[in-house]
Amino acid sequence: MAFYEAETQWHAGEEQMHKLLRVPHQDNPTQPYLTPFAAQTLMRSPLVALGALDSEGRPWTTILGGETGFSQPIAQGIIGMKTMVDMVHDPVVETLLGEAKGGSVIQVKEHEKGKMVSGLAIDLETRRRVKLFGRMIAGAVSETEKGIGEAQIVVKIEQTLGNCPKYLNKKHIIPHIPKPYLESSALPLSTRAVDVISQSDLFFISSSNHDCDMDTNHRGGPQGFVRVLSNSQEDGVTLVYPEYSGNRLYQTLGNLLSTPQAGLAFPNFENGDVLYITGRTEILAGEAATNLISHTNLAVKIHVEAARYVSNALSFRGQLGERSPYNPPIRYLSSEKGHSLSLDKSQITAKLLSKISLTPTVARFKFHISDPKKASTWKPGQYVALSFADELDIGYSHMRDDDPKSLNDDFLRTFTVSSRQDEKENHDQFEITIRKVGVVTDFMFKANPRAGLEVGLSGFGGEFFVKQKEGERVGFVAGGVGITPLLAQAEDLDIQNLSLYWTVKGEDVPLVTDTFSRIPELATSSHIFVTGKVDGDSEGWKKLERSGAKIEKRRLKKEDIEVEDAKKWYLCTGISFRNDILGWLSGKETFYEDFNY
């Protein structure tokens, strides 16, 4: 166990980033093995971005795959990938399988360390993704047509981590046979290569912490979020992109501090072209970032040292779906005259209509949509993304001792919609039921509906849908306000065949009774676990006792749900509690969605 802990502690670069950005101490959530979640996500992912270091120690990134099933676990802690690759121009394939191009098999001896491999398994259609790190222990490639071949790569996994989906634009991936052609490997970049960057809404980036480990991640946003700072013989080639607010782990940036090099891959999902680049990196924070890119507190410069632009190189195509509701406007370089921020004058807003306090820290808010025809409709179980930047963003501040977490905060938040859309109405109103936990929710709790608060509505998203066949029993575990996805979906479910296990604090009992008043039939299908101080003489507690729900004044335990015969379970709880429950439900079908970004 000590070995596991040592392998997944923060390294010096990550700790330096946390200190720079005033991130409160937290444990590193990276797992030192191939978790069941990682294995499942890998099998369901049609794409895997891979990173590796070349013979000069430079990181490169590529994107492999095209259909689900090409990558999967093949033994305890070992994954295998079998897919079509560009044998000639792909820098990662060259690094990992160059010795196998003659038809031989690379087999790493037991006492030797294989080449470092980082990966990001990703399903752009569902936005599910997981980061992987390990070492290649075997590989082979056999040519099928001139320049392309079928590659097999076997990697022993040492680390995995679920990743943030915040700025991913959905894409439906379909396989395609590549016919790669090297258009250019010279600097400065060609016009076509620059076009790939300017049209990209996603790129993949690989970095390393010296020769200890590697990381491959994604960066996404609106098309054009990566800017070309220079592209000439005199000034060299320099790219820059803004770092949007994310999960605040800063693993990529931590690597770039310890080892300032990165390899990027810009895919063109329409025609299969790809731009590979590698170069030196520079992290810009505070005024240095703001002076270069408007409305940006954190940015990364890449001084490109080598590049390959290859047409028709990818073994897949992607059809654009829903854009991420988190995408901010394009942030232009200060040198781009006439631009600072790409403002959307048709921005949809949501106006606060009412606020009902249910407990001291839980309330229900109703909003009106300014232009319901332009706003996307939502499905029960989805979230709404609201922007509070106009109300709360006070600009860059190097230090915010009163609220250090707000550094690099875009004040964009998601809340599960707890109401349904009435098909007969204009879809112009929605409700959210939330807990006061931070600067944005604190602001909302203080807001007076009569003051006319209006915030930006970025869109609706998420796919936390409870699916139940006729007569099928399903389980649902909720922690506190984790009940909200069920509030909007209850009308579509067979409540008699639903088993709800709901843990709440004593002060949140009114939330439970309010829920039962809105969905009366839910009470008899509920197991309520109450912790903390309980006022047994209060009207709320007496109402709960009369509801017909099963009540326990203790925490939920493994044995409580072991006796349940449901094979399908939905979880909406905090991460630590969820991990416990996933262990309890081993062998059962489980569904959950991350809201910790």
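Residues numbered from 1 in each chain as written. Predicted model: local features only at pLDDT ≥ 70, side-chain atom pairs only at ≥ 80, totals over all residues. Heavy atoms only, no water.

Some thoughts on empty space enclosed by the protein
On inspection of all chains with the given rule, the structure shows five cavities of 30 Å³ or more. The volume enclosed by the largest cavity comes to roughly 360 Å³. Taken together, 24 residues line the largest cavity, and the ones lying closest to its centre are Asn217, Arg219, Glu243, Gly246 and Asn247. Ranked by residues supplied to the lining of the largest cavity, first place goes to strand β12 (residues 213-220) with four residues. Split into classes, the residues belonging to the lining of the largest cavity amount to ten nonpolar, nine polar and five charged. (1 Å grid on protein atoms, 1.4 Å probe; cavity = no way out; pocket = protein on both sides within 12 Å on 5 of 7 lines; lining within 4 Å. Points joined across faces, edges and corners; volume = space filled by probe spheres on them. Helix = DSSP H or I, 4+ residues; strand = E, 2+ residues; numbered from the N terminus. Nonpolar A, V, L, I, M, F, W, Y, C, P; charged D, E, K, R; others polar.)

Things to note about the sheet that holds strand β24 (residues 454-461)
Strand order in the open sheet formed by six strands is β22-β21-β24-β19-β20-β23, and the pairing between neighbours is antiparallel. Only two strands of the sheet have a single neighbouring strand rather than two, namely β22 (412-416) and β23 (429-435). Sheet twist, expressed as the mean angle between neighbouring strand axes with direction ignored, is 40°. Sheet topology places strand β20 (residues 362-369) next to β23; seven bridges connect them, and they run antiparallel. (Pairing = 2+ DSSP bridges. Axes fitted to C-alpha atoms, helices over the stretch in contact; angles between N-to-C directions.)

Regarding the environment of Leu544
Of note, Leu544 is situated in helix α12 (residues 539-546). Distance in space between the C-alpha atoms of Leu544 and Leu457 is 36 Å, their sequence separation being 87 residues. Beyond its immediate stretch of four places on either side in the chain, Leu544 contacts Val509, Val512, Thr513, Phe516 and Ile551. (Contact = heavy atoms within 4.5 Å.)

A closer look at the pattern of salt bridges
Under the counting rule described, the total for this entry stands at 30 salt bridges. Salt-bridge contacts for Lys131 lead to Asp215; the nearest nitrogen and oxygen are separated by 2.5 Å. Separated by 84 residues along the polypeptide, Lys131 in strand β7 (residues 128-145) and Asp215 in strand β12 bring together distant segments of the chain. Its relative accessible area of 7% is what places Asp215 among the buried residues. One salt bridge connects Asp565 with Arg473, and the closest N-O pair in it is separated by 3.7 Å. With Asp565 in the loop between α13 (558-562) and β29 (568-572) and Arg473 in the loop between β24 and β25 (474-479), this residue pair connects regions lying 92 residues apart in the sequence. Bridged by salt links that share partners, the residues Arg364, Lys366, Glu431, Asp514 and Arg518 form one connected network. (Salt bridge = Lys/Arg side-chain N within 4 Å of Asp/Glu carboxyl O. Buried < 20%, exposed > 50% of the residue type's maximum accessible area, 1.4 Å probe, protein only.)

Observations regarding the nonpolar core
Residues Leu97, Leu132 and Ile153 are the most contacted members of the largest nonpolar core, which totals 61 residues. If one sorts the elements of this core by residue count, strand β1 (residues 47-53) sits on top with five residues. In this view, Leu97 contacts Ile106, Met136, Gly139, Ala140, Val141, Ala151, Gln152 and Ile153; residues no more than four positions away in its chain are not counted. Judged by nonpolar contacts, the second largest core, of 34 residues, contains Leu189, Ile205, Leu239 and Leu253. (Core = buried A, V, L, I, M, F, W, Y, C linked by side-chain atoms within 4.5 Å.)

Quick look at the sheet that holds strand β28 (residues 550-552)
Overall, parallel pairing links the six strands, which are arranged β28-β27-β26-β25-β29-β30 in an open sheet. Sheet topology places β28 and β30 (589-592) at the edges, where each strand pairs with a single neighbour. Going across the sheet, the axis of each strand differs from the next one's by a mean of 15°, ignoring polarity. Note that β25 and β29 share five bridges and pair parallel. Within β29, the position partnered with Phe476 by the bridge is Tyr570.

Describing the confidence of the model for the protein
Summarising the model, the protein shows a mean pLDDT of 88, and 92% of its residues fall at 70 or more. Every residue in residues 340-345 is under pLDDT 50, and counting partners more than four places away or in other chains gives 13 contacts. Note on residues 395-407: pLDDT is under 50 here. Beyond four places in sequence and across chains, it has 23 contacts. (pLDDT = per-residue confidence, 0-100.)

Looking at the packing of helix α11 (residues 509-518) against α12
Relative orientation of the contacting elements α11 and α12 amounts to 45°, with a least axis distance of 9 Å. In terms of their interaxial angle, α11 and α12 are classed as oblique. As for the relative orientation of α11 and α12, their crossing is left-handed in sense. Side by side, α11 and α12 meet where Val509, Val512, Thr513 and Phe516 of the first sit next to Gly540, Trp541, Lys543 and Leu544 of the second. Here the contact of α11 with α12 is composed, by residue class, of five nonpolar, two polar and one charged. (Parallel < 35°, antiparallel > 145°, perpendicular 65-115°, else oblique. Left-handed = near helix turned anticlockwise from the far one by under 90°.)

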